[in-house]
Amino acid sequence: QVQLVESGGGLVQPGGSLRLSCAASGSMFSIKAMGWYRQAPGKEREFVAVIISDGSTNYADSVKGRFTISRDSAKNTVFLQMNSLKPEDTAVYSCNADALLGCCTRRNYWGQGTQVTVSS
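Here is what the cut-offs are and how they apply
Residues numbered from 1 in each chain as written. Predicted model: local features only at pLDDT ≥ 70, side-chain atom pairs only at ≥ 80, totals over all residues. Heavy atoms only, no water. Helix = DSSP H or I, 4+ residues; strand = E, 2+ residues; numbered from the N terminus. Rg over C-alpha atoms; globule rule 2.2 N^0.38 Å. 1 Å grid on protein atoms, 1.4 Å probe; cavity = no way out; pocket = protein on both sides within 12 Å on 5 of 7 lines; lining within 4 Å. Points joined across faces, edges and corners; volume = space filled by probe spheres on them. Nonpolar A, V, L, I, M, F, W, Y, C, P; charged D, E, K, R; others polar.

Participant: So what about the overall build of the chain? Which residues, and what values?
Facilitator: Within the chain, the secondary structure is distributed over zero helices and 11 strands. Order of helices (α) and strands (β) in the chain, N terminus to C terminus: β-β-β-β-β-β-β-β-β-β-β. At 14 Å, the chain has a C-alpha radius of gyration in line with the 14 Å of a compact globule built from 120 residues. Reported as C-alpha extents along the three principal axes, the dimensions of the chain are approximately 50 × 25 × 25 Å.

Encoded structure:
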């Protein structure tokens, strides 16, 4: 059982920056991977970035070089630093966790999402 809470979204001008946070809480779990997805109105949800338990990361081509994912393992928190934001980055950003429950069950969990709006 895992709960995810995102924060840090808001309104920013093109070229600006935002830092999103996602905190995982619950009991009897360990995180295998945490990442970010986003969905703009009328668009399909798309992958943004992920960080694996070994520390490796992966990014969508559309954000590579602009966004950085990091983590605070002690707090079960993942961050997404978003720089050089573009209007096309406007979306609801949702946190995802791939969690191991107990010893033997793995499931994906989603937060409610946080709105990022890039507009002048």
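Participant: So what about unusual backbone geometry? Which residues, and what values?
Facilitator: Even without glycine at this site, Asn 76 takes up a positive phi of about 50 degrees. Turning to its location among the elements, Asn 76 is positioned in the loop between β7 (67-72) and β8 (77-82).

Participant: Give me the lowdown on the layout of surface pockets, citing residues and values where you can.
Facilitator: Over the atoms rolls a probe the size of a water molecule, and its path tells where empty space is left. The volume enclosed by the largest pocket comes to roughly 170 Å³. Elements supplying a minimum of two residues to the lining of the largest pocket: β4 (29-39), β5 (46-52), β7 and β8. With four residues, the single largest contributor to the lining of the largest pocket is β4. Each residue belonging to the lining of the largest pocket can be placed in one class, and the counts come to six nonpolar, four polar and three charged.

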